[in-house]
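Now for the letters of each chain:
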Amino acid sequence: RGTRGSVRLRPVDRAMWARKCGAAPQWPSRIKVLIQSFMTAAVGLAVWQWMAAADLGYLDLSRPQSPDVLCLSEWPLRHSADSWWRAETWQDWFSYREDMNTYVRDNQCIGNVSSSNSKCSNANVPLYQMDRKLGIPLGLHNYSWRNDTIEVYGHLFLWMTVCLWLAVTVHDLALLTVTKRDYIYDFRGIRNNFKCCNLLYKLLGYRCWKRLMRGGGIRCGQKRWCKLLGKILAIPLAPVFAAWAVTSFFFILIPVVAIVFLIYPVRLSRALIFLNCIAVGLQGVVLALHSIAFVSSVEERQVYAVTWERVSSTGMTCTCGCMYPISQGRCVNLLIIGVAVSYKSFALAFRCMKGLRRSNWANLISVLFPVPLTVYEVAWTRPDGSAIQHRVGGQPVQGEMAFDAFALMDEQIDSSRTTVNLVPCAVSPAFEPTNWSTSEVVSYLTDLEMPQYCDYVQRNSVDGRMLLQLCRKDLLSEIGCTSKIHASRIRGKLGTFDEASASRNAGELADNSRHSTRNLSGPRLTAVSEVTQEQRRLEYIGCCGFPCRRGENGNHFHKDSDGETDAEEHQVPSAVGSSTIPAAVLQVEGGAKDAENAEVRSRAGSGEQDPN
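Counting restarts for each chain: residues are numbered from 1 in the order of the written sequence. Local features are withheld for residues below a pLDDT of 70 in this predicted model, meaning they are given only at 70 or higher, and side-chain atom pairs are given and counted only at 80 or more; totals for whole chains, interfaces and linings count all residues. Excluding hydrogens and water, the side-chain values take into account all heavy atoms of the structure.

Our focus in this paragraph is the state of the cysteines. By definition, a disulfide is the covalent link that joins the sulfur atoms of two cysteine residues. Criterion for a disulfide: a pair of cysteine sulfur atoms within 2.5 Å. Overall, the coordinates contain three disulfides when judged by the stated rule. Disulfide partner of Cys71: Cys320, at an S-S distance of 2.0 Å. Taking the torsion about the sulfur-sulfur bond, which here is approximately 100°, the covalent link between Cys71 and Cys320 counts as right-handed. Of this pair, Cys71 sits in strand S1 (residues 70-72) while Cys320 sits in strand S5 (residues 317-325), and the two are 249 residues apart along the sequence. The burial state of Cys71 is the same as that of Cys320; both residues are buried. By sequence-ordered numbering of the bonded cysteines, the protein chain has its disulfides arranged as 1-5, 2-4, 3-6. Take Cys481: it sits in no disulfide, and the sulfur closest to it among the cysteines is that of Cys471, at 8.7 Å. With a relative accessible area of 4%, Cys481 lands in the buried category. We count a stretch as a helix when DSSP gives it H or I for four or more residues in a row; a strand needs E for two or more, and each element gets its number in order from the N terminus. For every residue, the accessible area obtained with a 1.4 Å probe (protein chains only) is divided by the maximum for its type, and the residue is called buried under 20%, exposed over 50%, and partly exposed between those limits.

Here it is in structure tokens:
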């Protein structure tokens, strides 16, 4: 407040929250990308932890694989190696896998053990030793590599997830940097700059099998041989080509791309994400199929050893144990993990495909954004008005609200030269000031209680388009508006008043008016200006939207001779065709005129029936 009583208004701080906190540009986005990408890696870490941390609860103790308890001087446990960098660790690891009988004979417990003659079906085990790690199944005929199935899957998930985490982090951080986002290659850039990738793609054998299916035969130099024979043999040879493609994909293509990624991390980050997701998805499919085999047959399940320590008659500490298969419930858990991992991996690969087809349509991998439902149905056409590629006339580009709103934008002929701008659009042409005539601008100013400017508008034939230009260029003084408060009010209410005539045909409006011409699949609200004067004197309360009058007697309804209340007379039709509008949907303007409120209160107090 100044010395003469004038009030000095403090400017409103309109900066975004990150700037208010003092964060530099792009740093909040980088932090979110780092957190979200780590969450992607945490899923793979959790899967590996679940597979590697098998304990007694994972086993089916009602199905022992050997009837007698086996006691040895040393029993190898799973995940108990001090260091895998020692040669002794690898020697012990191979010793019982190459010749299990020799390992059991060399490590027999010396002396008599009290539990050595007991059976695995009724073995007495100290309870405090049940927290031991599960052991390697010994004493069977031969060691089977299927007993390492879950550990192999767990370690593959772990390392592939770590690789995916690095690629996603590098990719998204590069996209956030203006100087590096154009260096991330799509399919065309990889094909032009990495010739070895073309050779790796040919090595998969898909092109050769496709040529055989089309009758192209076997290419040798400039000639093609066995065209008809190759077309006949293409179908029976499909499993052979598929097995070769999967093998070369896992053991040749991915290792080579990963090594090249270490040299060019930014350029190949998107390609590595795609290949890694495909690999993890295929691994999840194999795990799901393997789990189905586990559920159907007990003999196919992985076997673990439950071990405990006992002292022999010679004073030697021995380790006794029994072998049990994994339970059916855990096999079902493995099946669910395989299906979930496959679904999430393939979904992430498909999201990455948009940027691989066209680099200018790339998106962040680690961050998902909420899409307003009012975006749907997504409708756009070619410049000449015809349907786009992969769609027919009258069909929306995307009408399913659970799928990508920007589908097919990267698959058009001109996708490399197009982009998308998201701007608010009026639901109806009537709410777009561009379509207003001079008389409608006058009506708009009259509703704002600014009739002093109407003469200027009529004298200069100011329509809606000209009014918008005056607002954008801060030239409202041309219509006599010199007050900054009035100018701010004129700008602020634009788009909230329906001043277009109801009888006016939408086809007669300007073609370049910025309003929506598609069918709205999302929620549509009744506009405030469409509420009648009688509805403005009502409030809709409760979960069912019952109307009540404003004022001290607003919650009382008058019954007529038929026993119906006033609430039944004031059902408001909604914009979507429902009979009434709930309180959460209808937004009523605050307050009626004083004279109308006084009239309503006087009628409510005297018990007089409302004539309306």
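Okay, the side chain of Gln283 next. With respect to the secondary-structure elements, Gln283 resides in helix H11 (residues 269-296). With relative accessibility at 5%, the residue Gln283 sits in the buried group. Ignoring any residue separated from it by four or fewer positions in sequence, one finds Gln283 in contact with Tyr153, Leu156, Phe157, Met160 and Phe250. In this analysis, two residues are considered to be in contact whenever any of their non-hydrogen atoms come within 4.5 Å of each other.

When pLDDT is averaged along the protein chain, the result is 75; 75% of the residues meet or exceed 70. Mean pLDDT across the secondary structure elements of the protein chain bottoms out at helix H18 (residues 594-606), with 43, and peaks at H11, with 93. Of the regions scoring below 50 in pLDDT, residues 1-12 engages in two contacts with residues more than four places distant in sequence or in other chains. Overall, residues 524-547 carries pLDDT values under 50, and its contacts beyond four positions in sequence, including any with other chains, amount to 67 contacts. Known as pLDDT, the predictor's per-residue confidence is scaled from 0 to 100.

Okay, the pattern of salt bridges next. Basic side-chain nitrogens of Lys or Arg form a salt bridge, by our definition, when they fall within 4 Å of a carboxyl oxygen of Asp or Glu. Applying the stated criterion across every chain, the model contains ten salt bridges. Between Arg132 and Glu309 there is a salt bridge, with its nearest N and O atoms 3.5 Å apart. Of this pair, Arg132 sits in the loop between helix H4 (100-106) and helix H5 (149-175) while Glu309 sits in strand S4 (residues 303-311), placing them 177 residues apart in sequence. Among the residues examined, Glu309 registers a relative accessible area of 37% and is labelled partly exposed. With a shortest N-O distance of 2.8 Å, Arg491 and Asp474 are connected by a salt bridge. Highlighted residues: Arg491 in helix H16 (residues 484-492) and Asp474 in the loop between helix H15 (464-472) and H16, separated in sequence by 17 residues. One salt-bridge network, held together by shared partners, links Lys354, Arg357, Asp404, Asp410 and Glu411.

Before going further, it helps to examine the pairing of S4. Burial within S4 is extensive, with seven of its nine residues counted as buried. Whether two strands pair comes down to DSSP finding at least two bridges between them. The pairing of S4 with S5 spans nine bridges and is classified as antiparallel. Within the sheet, the bridge partner assigned to Val306 lies in S5 and is Cys322. The antiparallel hairpin formed by S4 and S5 contains five residues in its connecting segment, where Gly315 sits at a positive phi of about 85°.

Quick look at a nonpolar patch on the surface now. A grouping of Trp27, Ile31, Ile35, Phe38, Met39, Trp159, Val162, Trp165 and Leu166 is seen on the molecular surface, where their side chains present a nonpolar patch of about 920 Å² in accessible area. For the nonpolar patch, the secondary structure elements donating two or more residues are helix H2 (27-52) and H5. Considering each element in turn, the nonpolar patch owes the most residues, five residues, to H2. Tracing the backbone through its elements, the reader meets Phe38 in helix H2. Overall, Phe38 belongs to the partly exposed group, its relative accessible area being 48%. Grouping into patches uses exposed residues only, defined as over 30% relative accessible area, and leaves out salt-bridged ones; the cut-off is 9 Å for like charges and 5 Å for nonpolar side chains (Val, Leu, Ile, Met, Phe, Trp, Tyr). Every accessible area reported is derived by Shrake-Rupley at a probe size of 1.4 Å, with residue values counting cover from the shown protein chains alone.

Take the nonpolar core next. Residue types Ala, Val, Leu, Ile, Met, Phe, Trp, Tyr and Cys, when buried and joined through side-chain atoms within 4.5 Å, form a set referred to as a nonpolar core. Met51, Phe249, Ile273 and Phe274 are the most contacted members of the largest nonpolar core, which totals 59 residues. If you list the elements that add at least two residues to this core, you get H2, H5, helix H10 (238-263), H11, S4, S5 and helix H12 (328-357). At eleven residues, the largest contribution of residues to this core is made by H11. Not counting residues up to four positions away in its chain, the partners in contact with Met51 are Ile150, Glu151, Tyr153, Gly154, Phe157, Leu287, Leu334 and Ile337.

A cis amide bond links Tyr376 to the next residue, Glu377, at an omega of 0°. Located in the positive-phi region is Ser461, a residue other than glycine, with phi close to 55°. Relative to the helices and strands, Ser461 resides in the loop between helix H14 (454-460) and H15.

Between its first and last C-alpha atoms H10 spans 36 Å; for 26 residues at 1.5 Å apiece the expected length is 38 Å, and the two agree. Maximal helix bending in H10 amounts to about 45°, located at Phe249. Buried residues of H10: Ser248, Phe249, Leu253, Ile254, Val257, Val260 and Phe261, and no others. Close packing links the buried residues of H10 with H5, helix H7 (195-203) and H11. In this scheme, a helix's expected span is set at 1.5 Å multiplied by one less than its residue total. We define the bend at any residue as the angle between the axes fitted to the seven residues before and including it, ending there, and the seven starting there.

Their axes nearest at 8 Å, the elements H2 and H5 cross at an angle of 175°. The angle between the axes of H2 and H5 places the two elements in the roughly antiparallel class. Gly is placed with the polar residues, together with every amino acid not listed as nonpolar (Ala, Val, Leu, Ile, Met, Phe, Trp, Tyr, Cys and Pro) or charged (Asp, Glu, Lys and Arg). Classifying every residue of the contact of H2 with H5 gives 16 nonpolar, seven polar and three charged. Lines fitted to the C-alpha atoms define the axes, with helices restricted to the stretch that makes contact. Angles between their N-to-C directions range from 0 to 180 degrees. In this scheme, roughly parallel covers angles under 35 degrees and roughly antiparallel covers those over 145, while 65 to 115 is roughly perpendicular and the rest are oblique.

Overall, antiparallel pairing links the three strands, which are arranged S1-S5-S4 in an open sheet. Of all the strands in the sheet, the pair left with one neighbour each is S1 and S4. Put simply, the sheet's adjacent strands are angled 30° from each other on average, direction ignored.

Okay, the packing of aromatic side chains next. Any pair of Phe, Tyr and Trp rings, taking the six-membered ring for Trp, is counted once the centres come within 6.5 Å. Such a pair is stacked with planes under 30 degrees apart, edge-to-face with planes over 60 apart, and tilted for the rest. In the structure shown here, the tally under the stated rule is six aromatic pairs. Measuring from ring centre to ring centre gives 6.0 Å for Tyr185 and Phe194, while their planes differ by 65°; the resulting arrangement is edge-to-face. On the basis of relative accessibility, which here comes to 9%, the residue Phe194 falls in the buried class. Between Phe194 and Tyr264, the aromatic rings sit 5.5 Å apart at their centres with planes inclined by 75°, giving edge-to-face as the arrangement. Taken together, the positions of Phe194 in the loop between helix H6 (187-193) and H7 and Tyr264 in the loop between H10 and H11 put the pair 70 residues apart, joining distant regions of the chain. Assessed through its relative accessible area of 34%, Tyr264 is described here as partly exposed. One aromatic cluster is present, built from ring pairs that chain together Tyr185, Phe194 and Tyr264.

Only four residue types enter the tally: Lys and Arg on the positive side, Asp and Glu on the negative side, with His and both chain ends excluded. Charge coordinates come from a single atom per side chain, which is NZ of Lys, CZ of Arg, CG of Asp or CD of Glu. Side chains of Lys202, Arg207, Arg219, Arg224 and Lys227 sit close together on the surface and give a patch of like positive charge. With respect to the helices, strands and loops of the structure, Arg219 is situated in strand S2 (residues 218-220).

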